[in-house]
Amino acid sequence: MELKTFEFSKELGWSVSRYDRFLNCKRQYFYDYYGRFDPEIPFEKIIFLKKMTSKPLEIGNIVHDTIRDTLRRYQKTPKPINKEKFYDYVHKMTLDYCQKTFSESYYGSDLISPEEIFERVKIISDNFLNSKRFQWIIDNALKTSSQWVIEPEGYGEMRIDEYKAHCKVDFLFPVDDKIYILDWKTGAQSLKKHKRQLVGYSLWANYHFNKPVKDIVPIIVYLYPQYQEQGIEVDDKIVADFAAQVKEEIENMRSYLVNVEDNIPKDKKEFPPTPNRLCAYCNYRELCKTINDD
């Protein structure tokens, strides 16, 4: 299944996570996407803080990459997984990923235990490998594994009219006359929040493969504490309403730019901090405490 390609452009690209950041805190949004324009904080410092990870985030990263590699392995051979070798591989991956800087250590005294993280990843991986869905994939989708789309490179780019948008799928595959999309979640369940992603994935698949949305089956897969799925039915009206909303949200973000074509932001003062319950977990919280510019 071939994806459409695009020439590079500087213009702002919508995504669920980007607009959530925009709504949550304009200053955090500025640091995430426009840190190089900050006249006070060295860009290297902003990049360091931006790249800092956390235990929940890294557990999710390891799980996503483990499932990605497992599916790619099944594209090469249908042989069952050797669990001992599999968990040895996951353990080595965990040790490697835990070399990053964690916010829990940077901002506090919480030591990072790779073994603790590995145990959580192992439970989640078992939930996936022992699920009926995984066996269903082996039984029904393996014959078309050459058409699987597994965490495609880039950011899942598409176009909604002339607007750029990103909806990167975790796993897309055909079975009979349907396209299935699975999105892995290792955190708390929130179908209301994740429903937008499912609609976005449907629009993305419709855009790239010209598949009617009625034949696209998007599913959120919650992997912890136990395996559970949540799906939605998508039709043309739902997708059209979603596309209209995305265009409106892009215009909201564009209103904070002085140059839309080159994606150049207004002054940092136009992106004020927004105190909320998530401040305690923000990677940039030391900047809000040390810089008084409002």
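Here the structure is shown first, and the text comes after it.
So, here is what we can say about the structure in this document. (Residues numbered from 1 in each chain as written. Predicted model: local features only at pLDDT ≥ 70, side-chain atom pairs only at ≥ 80, totals over all residues. Heavy atoms only, no water.)

1. A look at the environment of Leu111
Mapped onto the secondary structure, Leu111 falls in the loop between helix H6 (103-106) and helix H7 (114-129). Leu111 sits in the exposed class, given a relative accessible area of 72%. When the C-alpha atoms of Leu111 and Val217 are compared, they prove to be 41 Å apart, with 106 residues separating the residues in sequence. (Helix = DSSP H or I, 4+ residues; strand = E, 2+ residues; numbered from the N terminus. Buried < 20%, exposed > 50% of the residue type's maximum accessible area, 1.4 Å probe, protein only.)

2. Re the packing of helix H4 (residues 55-76) against helix H5 (residues 83-97)
It is at 10 Å that the axes of H4 and H5 come closest, and there the two elements cross at 140 degrees. Between H4 and H5, the angle is such that the two are oblique. Here the hand of the crossing between H4 and H5 comes out right-handed. Within the contact between the two elements, H4 uses Glu58, Asn61, Ile62, Asp65, Thr66, Asp69 and Thr70 and H5 uses Phe86, Tyr89, Val90, Met93, Thr94 and Tyr97. Residue composition of the contact of H4 with H5, by class: six nonpolar, four polar and three charged. (Axes fitted to C-alpha atoms, helices over the stretch in contact; angles between N-to-C directions. Parallel < 35°, antiparallel > 145°, perpendicular 65-115°, else oblique. Left-handed = near helix turned anticlockwise from the far one by under 90°. Contact = heavy atoms within 4.5 Å. Nonpolar A, V, L, I, M, F, W, Y, C, P; charged D, E, K, R; others polar.)

3. Overview of the sheet that holds strand S7 (residues 228-231)
Pairing within the open sheet is mixed, and its five strands lie in the order S1-S4-S5-S6-S7. Each edge of the open sheet is held by one strand with a lone partner, namely strand S1 (149-150) and S7. Where S1 meets strand S4 (residues 171-175), two bridges bridge the pair, whose relative direction is antiparallel. Opposite Val149, over in S4, you have Leu172 as the bridge partner. In the packing of helix H8 (residues 132-140) onto the sheet, the strands contacted are S4, strand S5 (178-185), strand S6 (216-222) and S7, and the crossing angle to S4 comes to about 50 degrees. (Pairing = 2+ DSSP bridges.)

4. Comments concerning H7
Counted at 1.5 Å a residue, the expected span for H7 with its 16 residues is 22 Å, and the 22 Å between its end C-alpha atoms agrees. Every buried residue belonging to H7 is among Ile117, Phe118, Val121, Ile124, Ser125, Asp126, Asn127, Phe128 and Leu129, and all of these are buried. Looking at the packing, one finds that the buried side of H7 touches H4, H5, H8 and S5. (Expected span 1.5 Å × (residues − 1).)

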